[in-house]
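Breakdown of the fold
The lines below spell out each chain.
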Amino acid sequence: MSEALAASCNPFFYRWARDCSGGCPNTLTEYARRMGFGPCHRTGSNCAEAAGQLPVLRTADAAISAAVGQYDIQVTMVQMARRCVAA
């Protein structure tokens, strides 16, 4: 994964999304929720923070598109920064 992140290798993430979903496209969205993304996960910081959005993924194609940021997923900058610090 570190090589895929360094090279911005979309095919790696296409395969990852396909393999992770295990036949259930919404698995990717569930993982994102568990990691603290989406409308229910405001960080509580002092700034005005939007809620973000995690769509229902109904097909494997939608999950693959979401894995590379080509779907209607919206996370806040604060959520992303918090995940980077936690990782």
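Residues numbered from 1 in each chain as written. Predicted model: local features only at pLDDT ≥ 70, side-chain atom pairs only at ≥ 80, totals over all residues. Heavy atoms only, no water.

Examining the overall build of the chain
Across its full length, the chain holds five helices and zero strands. Scanning the chain from its N terminus toward the C terminus, one meets helices and strands in the order α-α-α-α-α. Counting across all 87 residues of the chain, residues that qualify as buried make up 26%. Relative to all contacts within the chain whose residues are 6 or more apart in sequence, the contacts with residues 24 or more apart total 53%. (Helix = DSSP H or I, 4+ residues; strand = E, 2+ residues; numbered from the N terminus. Buried < 20%, exposed > 50% of the residue type's maximum accessible area, 1.4 Å probe, protein only. Contact = heavy atoms within 4.5 Å.)

Points about helix α2 (residues 10-21)
Between its terminal C-alpha atoms α2 stretches 16 Å, which fits the 16 Å expected from 12 residues at 1.5 Å a residue. If you check which residues of α2 are buried, you get Phe 13, Ala 17 and Ser 21. Down the axis, α2 shows its buried residues gathered within 55° of arc, on one side only. Among the structural elements, α1 (2-7), α3 (27-34) and α4 (60-67) are those in contact with the buried residues of α2. The first or second residue beyond α2 is Gly 22, which carries a positive phi of 50°. (Expected span 1.5 Å × (residues − 1). Arc of directions from axis to C-beta.)

Section: α4
Turning to α4, its buried residues number three or more, namely Ala 62, Ala 63, Ile 64 and Ala 66. Tucked into the core, α4 has its buried residues touching α2 and α3. Downstream of α4 by a residue or two, Gly 69 has a phi angle that is positive, lying close to 80°.

So, the confidence of the model for the chain
Here the chain shows a mean pLDDT of 76. Residues at 70 or above account for 82%. When pLDDT is averaged over each helix and strand of the chain, the minimum, 67, is found for helix α5 (residues 77-86) and the maximum, 84, for α4. (pLDDT = per-residue confidence, 0-100.)

What to know about the pattern of salt bridges
On inspection of all chains with the given rule, the structure shows two salt bridges. One salt bridge in this structure joins Asp 19 and Arg 18, with 3.2 Å as the shortest N-O distance. The class for Asp 19 is exposed, based on a relative accessible area of 54%. (Salt bridge = Lys/Arg side-chain N within 4 Å of Asp/Glu carboxyl O.)

Some words on the packing of aromatic side chains
A full pass over the atoms with the stated rule returns one aromatic pair. Here the aromatic rings of Phe 12 and Phe 13 are separated by 5.0 Å at their centres, their planes lie at 85°, and the arrangement is edge-to-face. (Phe/Tyr/Trp six-rings, centres within 6.5 Å; stacked < 30°, edge-to-face > 60°.)

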